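Here are the chains, one letter per residue:
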Amino acid sequence: MNARGTGGNRPDDGMADVPARFVETAMQLAAAAREITLAHFRTALPVEAKSDESPVTRADREAEAAMRAIIERQFPEHGILGEEYGSQDAEAEYVWVLDPIDGTRSFIIGDPEYGTLVALTRHGRPVLGLIDMPALGERCLGAAGRPTIFTDARRGAAEARARPCPGLAQATLRVTDPFNYGGDAAAFGRLSTAVGALRFSGDCFNYGQVASGFVDLVAESGLGAYDYSALVPVIEGAGGLITDWSGRPLDLASDGRVVAAGDRACHSEALKLLQE
């Protein structure tokens, strides 16, 4: 991820600015997860299969436990939804949504394109999101009322901006796994044949690339709230647009089909193909 580009229009979602203390906590959560996951990265770490056959490791569980402990200490009135340890006080006004390792399959093979996702929702709507890439030393932070900030360990912080794209024929589409669309495979096929370039792998890294102006489009299905909640403020704060496949805003009740674009016209074209 890198900060560049001039495209897109940042939407006005009507949300109040996110308090600075929440932003600081999100960064603390990411830092705690980063320390733990890097300690286990590229080590001989046992891998287990969860009930849905997705992989999980000690690093996933330790990182989420550390993040939950910080939230419980600083904001005991807030709820928590995590990939590994489930839901706690889900009806609270504010709910933190955590994915300690987004891209566990990448993590266990030593691929640096794994990330930690931290989101804060208010009344179910994401208002704060952070994509942290521990092995790459990169971070995208988005919050309602603020521009998305990209931080690179080598070059510091800068505002991230999505780029304009004249149409799907000129667009670069990134998806994590082209074989993971299930009943949505036909829709993905229509979209993938309409774009100018198609790249695979990446998980949450792909969305940071949209926010940073290097990729035009991401479309995925079968995601959980912990997979997509953090992406919403990051994409929107960079001037992009991220919705479900019907064009509706994402919240904790969304169906897990997500399309993100740096350019609204490109997003609209993609929706038409996904809905055919």
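Conventions adopted
- Residues numbered from 1 in each chain as written.
- Predicted model: local features only at pLDDT ≥ 70, side-chain atom pairs only at ≥ 80, totals over all residues.
- Heavy atoms only, no water.
- Pairing = 2+ DSSP bridges.
- Helix = DSSP H or I, 4+ residues; strand = E, 2+ residues; numbered from the N terminus.
- Axes fitted to C-alpha atoms, helices over the stretch in contact; angles between N-to-C directions.
- Contact = heavy atoms within 4.5 Å.
- Salt bridge = Lys/Arg side-chain N within 4 Å of Asp/Glu carboxyl O.
- Buried < 20%, exposed > 50% of the residue type's maximum accessible area, 1.4 Å probe, protein only.
- Arc of directions from axis to C-beta.
- Core = buried A, V, L, I, M, F, W, Y, C linked by side-chain atoms within 4.5 Å.
- Expected span 1.5 Å × (residues − 1).
- Polar contact = N/O pair within 3.5 Å; in protein donor to acceptor, adjacent residues only side chain to side chain.
- Patch = residues over 30% accessible without salt bridge, like charges linked within 9 Å, V, L, I, M, F, W, Y side chains within 5 Å.
- Areas by Shrake-Rupley, 256 points an atom, 1.4 Å probe, with all protein chains shown as cover.
- 1 Å grid on protein atoms, 1.4 Å probe; cavity = no way out; pocket = protein on both sides within 12 Å on 5 of 7 lines; lining within 4 Å.
- Points joined across faces, edges and corners; volume = space filled by probe spheres on them.
- Nonpolar A, V, L, I, M, F, W, Y, C, P; charged D, E, K, R; others polar.
- Phe/Tyr/Trp six-rings, centres within 6.5 Å; stacked < 30°, edge-to-face > 60°.

What follows covers the sheet that holds strand β9 (residues 149–152). Taking strand neighbours across the sheet as the criterion, the eight strands line up as β4-β3-β5-β6-β7-β8-β9-β10 in an open arrangement whose pairing is mixed. One side of each edge strand has no neighbouring strand; the edge strands of this open sheet are β4 (86–88) and β10 (156–159). Neighbour-to-neighbour, the strand axes of the sheet open up by a mean angle of 15°, direction not taken into account. For strand β3 (residues 79–82) and strand β5 (residues 94–102), the ladder comprises four bridges, and the chain directions are parallel. Each residue of the ladder has a partner; that of Gly79, found in β5, is Val95. Sitting on the sheet, helix α2 (residues 58–74) is in contact with β3, β4, β5 and β6 (115–122), with an inclination near 155° to β5.

All right, on to the pattern of salt bridges then. Two side chains bearing opposite charge may form a pair once their charged atoms approach each other closely. Enumeration according to the criterion identifies 17 salt bridges in this entry. Arg34 is paired through a salt bridge with Asp132; the nearest N and O atoms lie 2.6 Å apart. Residue Arg34 is located in helix α1 (residues 20–40), and its partner Asp132 is located in strand β7 (residues 125–133); the two are separated by 98 residues in the primary sequence. Here Arg34 falls in the partly exposed class, since its relative accessible area comes to 21%. Each of Arg34, Asp132 and Arg139 takes part in one network of salt bridges that share partners.

This part covers helix α4 (residues 185–194). If you check which residues of α4 are buried, you get Ala187, Phe188, Leu191 and Ser192. The buried residues of α4 occupy an angular sector of 125° when the element is viewed end-on, so they sit on one face. Of the residues in α4, the exposed ones pointing more than 90 degrees away from the buried face are Ala186 and Thr193. Where α4 is buried, its residues meet β11 (172–175), β12 (197–200), β13 (217–220) and α8 (264–275).

With that settled, the discussion passes to the nonpolar core. Ile131, Tyr207, Tyr228, Leu231, Ile235, Ile242 and Val258 are the most contacted members of the largest nonpolar core, which has 29 residues in total. Listed by contribution, the elements that provide at least two residues to this core are β5, β6, β7, α5 (205–212), α6 (225–228), α7 (231–237) and β15 (258–261). Judged by nonpolar contacts, the second largest core, of 26 residues, contains Ile71, Phe75, Tyr94 and Leu141.

Time to look at α8. Here α8 is twelve residues long and its end C-alpha atoms lie 16 Å apart, about the 16 Å a rise of 1.5 Å per residue gives. Along α8, the residues that are buried comprise Cys266, His267, Ala270, Leu271, Leu273 and Leu274. Each buried residue of α8 sits inside an arc of 165° when the element is viewed along its axis, so together they form one side. Buried residues in α8 make contact with α4, β13, β14 (241–244) and β15. Where α8 starts, the residue carrying a side-chain oxygen 2.8 Å from the main-chain nitrogen of Ala265 turns out to be Asp263.

This part takes up the pairing of β9. Going residue by residue along β9, you find Phe150 and Asp152 tucked away on one face and Ile149 and Thr151 left uncovered on the opposite face. As judged from the four bridges shared by strand β8 (residues 138–143) and β9, these two strands associate in the antiparallel manner. By the bridge assignment for β9, Glu138 is matched with Asp152. Count of turn residues in the β8/β9 antiparallel hairpin: five residues, of which Gly145 carries a positive phi of about 85°.

A separate point is a nonpolar patch on the surface. Judged by side-chain polarity, Val47, Ile108 and Ile109 come together as a nonpolar surface patch covering roughly 280 Å² of accessible area. As for its placement among the helices and strands, Ile108 is situated in helix α3 (residues 104–108).

Moving on: the layout of surface pockets. Of the pockets and cavities examined, the largest pocket occupies roughly 830 Å³. What lines the largest pocket is a set of 31 residues, and nearest its centre among them are Arg105, Thr176, Asn180, Asp203 and Leu223. Those elements that provide at least two residues to the lining of the largest pocket are β5, α3 and α6. Across the lining of the largest pocket, the residue classes break down as nine nonpolar, eleven polar and eleven charged.

The next thing to look at is the sheet that holds β14. Strand order in this open sheet of five strands is β12-β11-β13-β15-β14, and the pairing throughout is mixed. Both outer strands of the open sheet, β12 and β14, are each paired with one neighbouring strand and no more. Adjacent strand axes in the sheet meet at a mean angle of 20°, parallel and antiparallel pairs treated alike. Packed on one face of the sheet, α5 meets β11, β13, β14 and β15 and runs near 150° to β13.

This next bit is on the packing of aromatic side chains. Counted by the stated rule, this structure contains seven aromatic pairs. When the ring of Phe41 is compared with that of Phe107, the centres are 5.7 Å apart and the planes differ by 35°; the resulting orientation is tilted. Residue Phe41 is located in the loop between α1 and β1 (47–49), and its partner Phe107 is located in helix α3; the two are separated by 66 residues in the primary sequence. Look at Phe107 and you get buried, because its relative accessible area is 3%. On the accessibility criterion, Phe41 (13% relative accessible area) is buried. Taken together, the ring pairs connect Phe22, Phe75, Tyr94 and Trp96 into an aromatic cluster.

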